[in-house]
Amino acid sequence: RVLQYRGRDLEEFDIDAALARRPKLLIVDELAHTNAPESRHPKRWQDVEELLDAGIDVWTALNIQHLESLADVVSRITGIMVRETVPDTILQNANDVVLVDITPDELIERLNAGKVYVPDTARRATQNFFTVGNLTALRELALRRTADRVDDQMVDFLRQKAIEGPWETGERLLVCIGSDESSEMLVRKTSRLATALNASWIAAHFERLGGEDILVERERRTSEILQLAERLGAEISRQRSTDFTTDILRFARRENVTQIFVGRSRAGFLNHLLGWSLSEQLVRQAVDIGVHVVAAAEETVPRRATWNWLQSEGLLLEITAASVSVALAIGIGHVLTLLLKLPNLSMIFLAAVLFSAVQFGTRAAVIAALLSFFGYNFFFIEPLYTLTIAQPHELFALLIFLVVAVLTGSMAGRIRHQARSAIRNAEATQALYELSRKLSAASRAEEVIWTTVTHAQKTLGGKVIILLPGDGVLETQAVWPPDEPLTAAEMSAARWALEKNENAGWRTGTLPNVRFRFQPLSTPRRVVGVFGYEPTNHAATPSADEERSLLAITEQAAIALDRALLAGESVNAAALQENEKTRYALLASLSHDLRAPLVAITVAAATLRELGQKIPQEQQEELVLSIEQDADRLSRFVSNLLDMSRIDAGAIKVKQDWVDVGDAIRAAVERSRKIFPDHPTRISLAATIPLVRGDSHLLEQVLFNLLDNAHKYARETDVSVHARSEGNDVLISVTDEGPGIKPSDLKRVFERFYRSGGNGGRYPGAGLGLSICTGLIEVMGGTIEVQSPAIRRRGTRMTIRLPIARARKNT
């Protein structure tokens, strides 16, 4: 594919076309190549990893100087820093490695013949990089690395065949890094040793708890070195410490580290003499862990600690504050000297030092201590107004004052920084607690998403977005502050984070030029969504505190979102299960209650058609009556099904008419007597019954269903209907003298398809009648309840309660 970059046409590898074609084997040249801007991956080796993930075999090539762990060695050999590198893990994970090796003289001959580069480029290459000495050294590196791989394969073969041999125990390495140039060299050296030992390794940065504010440049450099270690295959960790030696050894024991790599301490002569340097303390205290002290070349590690200290931000303010505090101490000392005869004024200057420490930190306290040393000597020690000291004991006292001032000022400054650090930690902990509390109270996915977005934006600043997969498409669920839609490149980065379960976007290895950094919201079960964060300053490196806060927010959000989605899925699963139960019950009911009347009607009709006048008139009438009863039964069954479907769909419309309860009862009883002519029904109505507002036809249907249910279960006993008023309601009860309902089944009688099996018998019907009654009465604003033999001595009573109609006032 051809890209436009700074007015030039660049030809780049088209990874999307390769994925679309999906060959079995693909040859990719220049593995260490840096892709053009706006490409999905900054490096070609990342393109190869995506091809491998897609199931495409790849043949590729790289030069030995492009291995990441050898970059510093190559730089020392050739004097040229190689910028395009490939992580060692690419070589380690390769199925096959082939060494292409020719002698240096033959390679130079090929260069001069123009078989590698064009003549001008070849001439410069042979003069600068491809010299005989450089090529010989690079050839040795290539041979050694290939030999290491062959040795690894041989060891694996011996282990697989269970061939006896002296197997080495597993090694685990720890490298302690800082922000200086020597740390990069230390990381590469540890990586090479880990590769040779087939050992896992950890790169850890220990930051002093409550120390001075970290400079932006140092933080950026530390992040870059940690990223380098991660590319080389290390686990990375950031730790806070008050005692480096103790905390490093504690961390090493917790992680089962066998060897520690640390750079040679650049402490002063006195610290080395007294054994106070970090490397010497580690060697002395690490009883069961090997400690390797690695010295860097002097030219690559210039001593810049003092220069950085002087160039630090806020130095001018601290000098001014220290000078003012010491000047005030001098003024106060002059006033006290005029008023009182004091033998020693050193406490006044010590107060100035402590004030500078508490208000401005350790550096201001040291500056104040030095100024106090000279000010006290110049203004208050004989001879006055000179830096000369007449008496030896005064010189000794002044030196003691300087030491005490520096120590107390440093201690006060450190306490100040620790207090500020403790406050920041407490604020971060409180913020995480608030987030955890809000997320635990959120029951729906929307609540979790918006809680996370608002909290992250308030904590980190910038813009925050959350996307969730839906219907095969990644959809934006929340963004704050509101912003324009994501671009195509940003959506590609978000999809990459979702599908590959790895970070993408800003300051990552995939589409690093987009605005957002996308992180997968992953749980042990799945990736539930994508969290996007756009910082306010794209040029700044996120601090360790920001990284920790971002990680904590995304982890808690992922767990809460997964829980909310699982709750929704469980509700849907319960609904599907309930629908399945309903479908099963409906099919079971249809198989009996629909088939039985159809069979009876069919048999009776066939008998009449075949025999006709051959059977007596009385039997003909019985057959016709049977057909009518079964057809009516079938009609009621279908009607119940339709009524239930109308209730579920909310399609029942209630007429708000004046309803006479007595008329509805008499109509329902009259219908019931036609169906059950041999079952007596008694009506008992109060003298006066107020009207109710509703639908008379629906109320009649409810009463008919209750009577139908009572006659089925009453076993030819009396059924009575009673109506009266009670307070603001009208009560209608249908009572039978049958066997009643067991107390354990009282809550189920209004469920769909529930049918009591009283005394082991099976009664006709689908079990929808009482469920329909409940739905219709609730539509009219009333309630229905049942009383069992536990309350009544015998039978069952169904009670309807409807509110009395009130006349509407004219407005």
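The structure contained in this document is the topic of the report that follows.

Rules behind the numbers
- Residues numbered from 1 in each chain as written.
- Predicted model: local features only at pLDDT ≥ 70, side-chain atom pairs only at ≥ 80, totals over all residues.
- Heavy atoms only, no water.
- Pairing = 2+ DSSP bridges.
- Helix = DSSP H or I, 4+ residues; strand = E, 2+ residues; numbered from the N terminus.
- Axes fitted to C-alpha atoms, helices over the stretch in contact; angles between N-to-C directions.
- Contact = heavy atoms within 4.5 Å.
- Salt bridge = Lys/Arg side-chain N within 4 Å of Asp/Glu carboxyl O.
- Buried < 20%, exposed > 50% of the residue type's maximum accessible area, 1.4 Å probe, protein only.
- Patch = residues over 30% accessible without salt bridge, like charges linked within 9 Å, V, L, I, M, F, W, Y side chains within 5 Å.
- Areas by Shrake-Rupley, 256 points an atom, 1.4 Å probe, with all protein chains shown as cover.
- Core = buried A, V, L, I, M, F, W, Y, C linked by side-chain atoms within 4.5 Å.
- Phe/Tyr/Trp six-rings, centres within 6.5 Å; stacked < 30°, edge-to-face > 60°.
- Lys NZ or Arg CZ within 6 Å of the ring centre and 35° of its normal.

Strands sit in the order E7-E6-E5-E8-E9 across an open sheet of five strands; the sheet is parallel. Edge positions in the open sheet fall to strand E7 (235-241) and strand E9 (290-294), since each of these has one partner strand only. Recorded for the sheet is a direction-independent mean angle of 25 degrees between the axes of neighbouring strands. Here six bridges tie strand E5 (residues 172-177) to strand E6 (residues 200-208), and the two strands are oriented parallel to one another. Counted as the bridge partner of Cys 176 is Ala 204 from E6. Running over the sheet, helix H8 (residues 181-197) touches E5, E6, strand E8 (259-263) and E9 and is turned about 175 degrees from E5.

Another aspect to go through is the pattern of salt bridges. With the rule as written, the count across this model stands at 28 salt bridges. Here Arg 139 ties to Asp 101 by a salt bridge, and the two come within 2.9 Å at their closest N and O atoms. Residue Arg 139 is located in helix H7 (residues 132-160), and its partner Asp 101 is located in the loop between helix H4 (88-92) and helix H5 (104-112); the two are separated by 38 residues in the primary sequence. Given a relative accessible area of 29%, Arg 139 falls into the partly exposed group. Residue Asp 101 is classed as partly exposed on the basis of its relative accessible area of 34%. Here Arg 188 makes a salt bridge to Glu 184, at a shortest N to O gap of 2.9 Å. Of this pair, Arg 188 and Glu 184 both sit in helix H8, four residues apart, which is roughly one turn of the helix. In this structure Arg 188 comes out as buried when scored by relative accessible area, which is 5%. Connected through shared salt-bridge partners, Glu 68, Glu 184, Arg 188, Arg 221, Glu 224 and Arg 231 make up one network.

The buried count for strand E10 (residues 463-470) comes to six of eight residues, which makes it a mostly enclosed element. With five bridges connecting them, E10 and strand E14 (residues 527-534) associate as antiparallel partners. By the bridge assignment for E14, Ile 466 is matched with Phe 531. One ladder, built from seven bridges, connects E10 with strand E11 (residues 473-480); its direction is antiparallel. Note that in E11 the partner of Pro 469 across the bridge is Leu 474. Hairpin connection between E10 and E11: a loop of two residues separates the two successive antiparallel strands, and Asp 471 in this loop has a positive phi of roughly 55 degrees.

Let us now look at the sheet that holds strand E16 (residues 681-685). Taken in spatial order, the five strands line up as E16-E18-E19-E21-E20 in an open sheet, and their pairing is mixed. Either end of the sheet is taken by a strand with one partner, and the two such strands are E16 and strand E20 (783-787). Geometrically, the sheet is characterised by an average inter-axis angle of 15 degrees between neighbouring strands, direction not taken into account. Here helix H22 (residues 661-675) sits on the sheet in contact with E16, strand E18 (719-726) and strand E19 (729-736), set at roughly 175 degrees to E16.

Taken together, the side chains of Val 335, Leu 338, Leu 339 and Leu 340 make up a nonpolar region of the molecular surface, amounting to roughly 460 Å² of accessible area. In this fold, Leu 340 is placed in the loop between helix H14 (315-339) and helix H15 (346-360). Its relative accessible area of 48% is what places Leu 340 among the partly exposed residues.

With that settled, consider unusual backbone geometry. The amide bond that connects Trp 480 to the next residue, Pro 481, takes the cis arrangement and shows omega of -5 degrees. With respect to the element layout, Pro 481 can be found in the loop between E11 and helix H19 (488-500). If you check the backbone angles, Arg 22 has positive phi at about 55 degrees while not being a glycine. Note that Arg 22 resides in the loop between helix H1 (15-21) and strand E3 (25-28). Residue Asn 501 is not a glycine yet carries a positive backbone phi of 55 degrees. On the accessibility criterion, Asn 501 (41% relative accessible area) is partly exposed.

Another aspect to go through is the pairing of strand E1 (residues 2-5). Along any regular strand the residues' side chains alternate between the sheet's two faces. Relative to strand E2 (residues 8-11), E1 runs antiparallel, the two sharing four bridges. By the bridge assignment, Gln 4 is partnered in E2 with Asp 9. Following E1, the chain reverses through two residues before pairing antiparallel with E2; Arg 6 in that reversal takes a positive phi of roughly 55 degrees.

Take the nonpolar core next. Among the nonpolar cores identified, the biggest contains 36 residues, and Ile 665, Leu 699, Leu 703, Leu 706, Ile 732 and Ile 800 are the most heavily contacted of them. Ranked by residues supplied to this core, first place goes to helix H23 (residues 696-714) with eight residues. Sequence-distant contacts of Leu 699, that is, excluding residues within four places in its chain, are made with Val 659, Ala 664, Ile 732, Ile 777, Met 780 and Leu 802. Core analysis: the next-biggest nonpolar cluster, separate from the first, contains 25 residues, Ile 348, Phe 349, Ile 367 and Phe 380 among them.

Let us look at the environment of Ile 465. Tracing the sequence through the fold places Ile 465 in strand E10. Taking relative accessible area as the criterion, Ile 465 reaches 3% and is therefore assigned buried. For the pair formed by Ile 465 and Phe 531, sequence separation is 66 residues and the distance between their alpha carbons is 6.0 Å. Sequence-distant contacts of Ile 465, that is, excluding residues within four places in its chain, are made with Thr 476, Ala 478, Val 479, Leu 486, Phe 516, Phe 518, Val 530, Phe 531 and Gly 532.

Each pair of aromatic rings is reported with the distance of its centres and the angle of its planes. Within this structure, the stated rule accounts for five aromatic pairs. Judged by centre distance (5.0 Å) and plane angle (80 degrees), the ring pair of Phe 129 and Phe 130 falls under edge-to-face. The same class applies to Phe 129 and to Phe 130, which are both buried. Between Lys 500 and the ring centre of Trp 496, over which it is positioned, the NZ or CZ distance is 5.2 Å. Between the NZ or CZ atom of Arg 693 and the centre of the ring of Trp 658, over which it lies, the distance is 4.4 Å.

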